[in-house]
Amino acid sequence: AAVSPQLHALLAQLSPFPACVVNGKYDILAYNRTYGRLAGNLDEVPIEQRNCMWLLFTDPVWRKAFVDWDDATSRMTANLRVLYADHITEPSWKALVGRLRAASPEFAELWARHDVRGIENKRKRYRTELVGMLHLDATNAWLAPKSGTRLLAYTPGDAETQRRLETMARLIEEGH
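Residue positions are given per chain, counted from 1 along the sequence in the order it is written. At least 70 in pLDDT is required for a residue's local features to be given in this predicted model, at least 80 for side-chain atom pairs to be given and counted, and no such filter applies to totals for whole chains, interfaces and linings, which use all residues. Calculated side-chain values reflect all of the structure's heavy atoms, with hydrogen atoms and water omitted.

Turning our eyes to something else, we now look at the packing of helix α6 (residues 91-103) against helix α7 (residues 105-112). Angles here are taken between N-to-C directions and fall from 0 to 180 degrees, while the axes themselves are lines fitted to C-alpha atoms, restricted in helices to the stretch in contact. Going along the chain from the N terminus, every DSSP run of H or I of four or more residues is numbered as a helix, and every run of E of two or more is numbered as a strand. Axis separation between α6 and α7 bottoms out at 5 Å; the angle between their running directions is 120 degrees. Classified by the interaxial angle, the pair formed by α6 and α7 is oblique. Between α6, through Val97, Leu100, Arg101 and Ala103, and α7, the contact on the second element is made entirely by Pro105, Phe107, Ala108 and Trp111. As a working rule, the residues Ala, Val, Leu, Ile, Met, Phe, Trp, Tyr, Cys and Pro are called nonpolar, Asp, Glu, Lys and Arg charged, and the rest polar, with Gly in that last group. Counted by class, the contact of α6 with α7 contains 7 nonpolar, no polar and 1 charged residues. Working rule for angles: under 35 degrees goes down as roughly parallel, over 145 as roughly antiparallel, 65 to 115 as roughly perpendicular, anything else as oblique. Here, two residues are considered to be in contact whenever any of their heavy atoms come within 4.5 Å of each other.

As structure tokens, this is what we get:
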């Protein structure tokens, strides 16, 4: 309900480029098929666990898929801290941070650093189960001022990644 039918249609049209809609807490609100297969199979993850921070710190499949895991975790934790400042009294934000601190010593250590950093567009590398290594350029587009909700889309960083994304989309369509 948080994502309009038009935005769902846009996500589908972006395929084979992976794309999703996330809120400020990194809850995954919607995604297309290729995004859903960057790290395992997101369709198999219970809805209440579809949070990038939670999966990045607690799911071994996500940990393996993020080639630059150390950079991703420190950057995303610093991003979360910036957004958290506007929601410090909200129970759902406190609960997420509390759950992460309890479940992941790595998150607890990064959170204790008090680093802050804005979200940026950058190159990311994923090791997928379906097609191997992908070099993707991330683009963030905020859907409303100060909401924290954004469309995150990935475009291929090289010709090989373009070919692999097309293969990935075909394999997903075939039911792999």
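Let us look at the pairing of strand β4 (residues 132-142). Two faces make up the sheet, and in a regular strand the side chains alternate between them. The sheet contact formed by strand β3 (residues 123-128) and β4 spans 6 bridges and is antiparallel. Bridge assignment links arginine 123 to a residue of β4, and that residue is aspartate 137. What makes two strands pair is DSSP finding at least two bridges between them. Hairpin connection, β3 to β4: the antiparallel pair is bridged by 3 residues.

Take the number of residues in a helix, subtract one, and multiply by 1.5 Å to get its expected span. For helix α8 (residues 159-173), spanning 15 residues, the distance from its first C-alpha to its last is 21 Å, which sits close to the expected 21 Å at 1.5 Å a residue. Partly exposed residues are those whose accessible area sits between 20% and 50% of the maximum for their type, while under 20% is buried and over 50% is exposed, using a 1.4 Å probe and protein chains only. When α8 is considered as a whole, its buried residues turn out to be Thr161, Leu165, Met168, Ala169, Leu171 and Ile172. Within α8, the buried residues cover an arc of 160 degrees as seen down the axis, which keeps them to one side. Elements that come into contact with the buried residues of α8 comprise α2 (33-36), β3, β4 and β5 (150-156). For this analysis, a polar contact is any N or O atom pair within 3.5 Å, provided that within protein one partner can donate a hydrogen and the other can accept it, and provided that sequence-adjacent residues contribute only side-chain to side-chain pairs. Measuring from the side-chain oxygen of the N-cap residue of α8 to the backbone nitrogen of glutamate 160 gives 3.3 Å; that N-cap residue is aspartate 158. Remark: glycine 175 follows α8 within two positions and exhibits a positive phi of approximately 95 degrees. The arc in question is the one spanned by the directions pointing from the helix axis to the C-beta atoms.

Before going further, it helps to examine the packing of aromatic side chains. Note on aromatic contacts: the rings of Phe and Tyr and the six-membered ring of Trp form a pair at centre separations within 6.5 Å, being stacked when their planes are under 30 degrees apart, edge-to-face when over 60 apart, and tilted otherwise. The tally for this structure, following the rule as stated, stands at 10 aromatic pairs. Ring centres of tyrosine 35 and tyrosine 154 lie 6.4 Å apart, and the angle between their planes is 10 degrees; on these two criteria the pair is classed as stacked. Separated by 119 residues along the polypeptide, tyrosine 35 in helix α2 and tyrosine 154 in strand β5 bring together distant segments of the chain. Assigned by exposure class, tyrosine 35 and tyrosine 154 land together as buried.

Right, let's talk about the packing of helix α5 (residues 69-84) against α7 for a bit. Two elements in contact, α5 and α7, have axes whose closest approach is 10 Å; the angle formed by their N-to-C orientations is 55 degrees. The angle between α5 and α7 places the two elements in the oblique class. Judged by the twist between their axes, the crossing of α5 over α7 is right-handed. Along its contact with α5, which presents Trp69, Thr73, Ser74, Thr77, Leu80, Arg81 and Tyr84, the element α7 presents Glu106, Phe107, Leu110 and Trp111. Taken together, the residues of the contact of α5 with α7 sort by class into 6 nonpolar, 3 polar and 2 charged. A clockwise turn of the near helix away from the far one marks a right-handed crossing, whereas an anticlockwise turn of less than a right angle marks a left-handed crossing.

Turning our eyes to something else, we now look at unusual backbone geometry. For the peptide bond that leads from serine 15 to proline 16, omega is 20 degrees, which places it in the cis range. Mapped onto the elements of the fold, proline 16 is located in the loop between α1 (5-13) and β1 (19-22). In this structure, tyrosine 26 is a non-glycine residue whose phi angle is positive, near 75 degrees. Among the structural elements, tyrosine 26 can be located in the loop between β1 and β2 (28-31). Notably, histidine 114 is not glycine yet its phi reads approximately 65 degrees, a positive angle. If you trace the backbone, histidine 114 turns up in the loop between α7 and β3.

Turning our eyes to something else, we now look at the sheet that holds β2. In spatial order, the strands read β2-β1-β5-β4-β3; together these 5 strands make up an open sheet with antiparallel pairing. Two strands close off the open sheet at either side, each with one partner strand: β2 and β3. Ignoring which end each strand starts from, the neighbouring axes of this sheet average 30 degrees apart. Sheet contacts for α1: β1, β2 and β5; angle to β1, the most-contacted strand, approximately 150 degrees.

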